[in-house]
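Below are the chains, spelled out letter by letter.
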Amino acid sequence: MKIKSVAVLGAGAVGSYVLWGLSKKKEIRLGVIASGERAERLKKNGCKINDTVYHPEVWAPSEVHGVDFLIVSLKYGALQGALDDIAAVTGENTVIMSLMNGVDSEEIIAEKVGAEHLLHAVIKVASHKEGDGYVFNPETTLGIIFGEVSAPYESERVQAVLDLFSDTELHYRATDCILEEMWSKFRLNVCNNLPQAILGAGVGCYRDSMHMKAISDGLRAELIAIAAAKGIDIGKADASSGRGSAVPPTARYSTLQDLDAGRHTEIDMFSGALIRMGKELGIPTPYNEFTYHIIKALEEKNDGRFDYNGEQEEPLWAK
């Protein structure tokens, strides 16, 4: 198997990292899947990544049916609406890699196109939106981790992706414990991403506040209990991953970046998914339930739901 065509669905921060890494791979066709106004904007303006503008091909889903390799890097809330596009692109031999950083996007996609197309993966990149583009540090980015969920782990398609990523500036590695790697990153998102988003402070808060650490630890305990019930030993990933990317105490992860920008977050992919799994397994998730509702309320605040002006408002009765 040799990958000759690559399509990226979702050209945000994660998609930008992939486009940046593969853009110099001249022996492949590389493009972004888009339609309507977004397609016109991409054709005209390209994608700005680390102050350089890239102009990948822009394809409608129907134009690339049977693409060799499809990378899905959407926001979680956009996935359901994109399933028909994913199905339109997927041919008999298409390999799909979801880089959405939850633990259930592969299941959602597989229900539409079949699990045989999915090569599980996770991405570790500290990036942020700046002006009309995305910025990340190529040297400190840990990159893409991928693999088969069962033997043979050194499969033909794993080797094909290794060949695709070789001779690029992408950081990557294959693993034989990809589910554990995905849950390890999921743990980071839930325990570090969410509490700081509620507080509105940089990640130094976990070091400097026993209260913030207690919230993070509570979220972590619930996640580990659910993972264990599913047979996921996150310790396997801890042993192979080593330390993560160094970030300054001021760093604001994606959930807080979304709230800062007035966008809706991916809380449904994080605490929302854990609450659902907890109910299925009979495991209480009070920390995640509280976190879920607080961040949903912060989204409502950004939407203007609580912009009371005092005029023509029905009074509330305090007790």
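Scope of this entry: the structure provided in the associated data block.

So, how was this worked out
- Sequence order sets the numbering: in each chain, residues are counted from 1 along the sequence as written.
- Residue-level local features of this predicted model are given only where pLDDT is at least 70; pairs of side-chain atoms are given and counted only at 80 or more, and the full residue set underlies all totals for whole chains, interfaces and linings.
- Here the side-chain values reflect all heavy atoms present in the structure, with hydrogen atoms and water set aside.
- To qualify as a helix, a DSSP run of H or I must reach at least 4 residues; to qualify as a strand, a run of E must reach at least 2; elements of each kind are numbered from the N terminus.
- Each residue is assigned to one of three classes by its accessible area relative to the maximum for its type, calculated with a 1.4 Å probe on protein chains only: buried under 20%, partly exposed between the two thresholds, exposed over 50%.
- Each polar contact in these results corresponds to two N or O atoms within 3.5 Å; when the atoms are within protein, one needs to be able to donate a hydrogen and the other to accept it, and residues that are neighboring in sequence are counted only if both atoms are side-chain atoms.
- DSSP bridges decide pairing: two strands pair if at least two such bridges lie between them.
- With axes taken as lines fitted to C-alpha atoms, and helix axes fitted only over the stretch in contact, angles between N-to-C directions fall between 0 and 180 degrees.
- A carboxyl oxygen of Asp or Glu within 4 Å of a side-chain nitrogen of Lys or Arg is what we treat as a salt bridge.

## Let's talk about the side chain of Asn101
Then, in step 1: Within the element layout of this structure, Asn101 appears in the loop between strand 7 (95-98) and helix 4 (105-113).
Then, in step 2: According to the relative accessible area criterion, Asn101 is buried, its value standing at 13%.
Then, in step 3: A distance of 3.2 Å separates the side chain of Asn101 from the backbone nitrogen of Ile123, its partner in a polar contact.

## Notes on the sheet that holds strand 10 (residues 133-136)
Then, in step 1: Reading across the sheet, the 4 strands line up as 4-3-10-9 and stay open at both edges, with mixed pairing between neighbours. At either margin of the open sheet sits one strand with a lone partner, and together these are strand 4 (52-54) and strand 9 (127-130). Direction aside, neighbouring strands of the sheet carry axes that sit 30° apart on average.
Then, in step 2: Where strand 3 (residues 47-49) meets strand 4, 3 bridges bridge the pair, whose relative direction is antiparallel.

## Considerations on unusual backbone geometry
Then, in step 1: With an omega of 5°, the peptide bond running from Ala151 to Pro152 counts as cis.
Then, in step 2: Secondary-structure assignment places Pro152 in the loop between strand 11 (143-147) and helix 5 (156-165).
Then, in step 3: The backbone phi angle of Asp51 is positive, close to 70°, even though this residue is not glycine.
Then, in step 4: In this structure, Asp51 sits in the loop between strand 3 and strand 4.

## Side note on the pattern of salt bridges
Then, in step 1: Tallied over the entire structure, the rule returns 17 salt bridges.
Then, in step 2: Between Lys25 and Glu27 there is a salt bridge, with its nearest N and O atoms 3.9 Å apart.
Then, in step 3: For Lys25, a relative accessible area of 8% corresponds to the buried category.
Then, in step 4: Residue Lys296 pairs with Glu299 through a salt bridge whose shortest N-O separation is 3.8 Å. With Lys296 and Glu299 both in helix 12 (residues 286-302), this residue pair falls 3 residues apart, about one helical turn.
Then, in step 5: A relative accessible area of 24% places Lys296 in the partly exposed class.
Then, in step 6: Judged by its relative accessible area of 3%, Glu299 falls in the buried class.
Then, in step 7: Look at the salt bridges and you will find they share partners, linking Lys75, Asp258 and Arg263 into a network.

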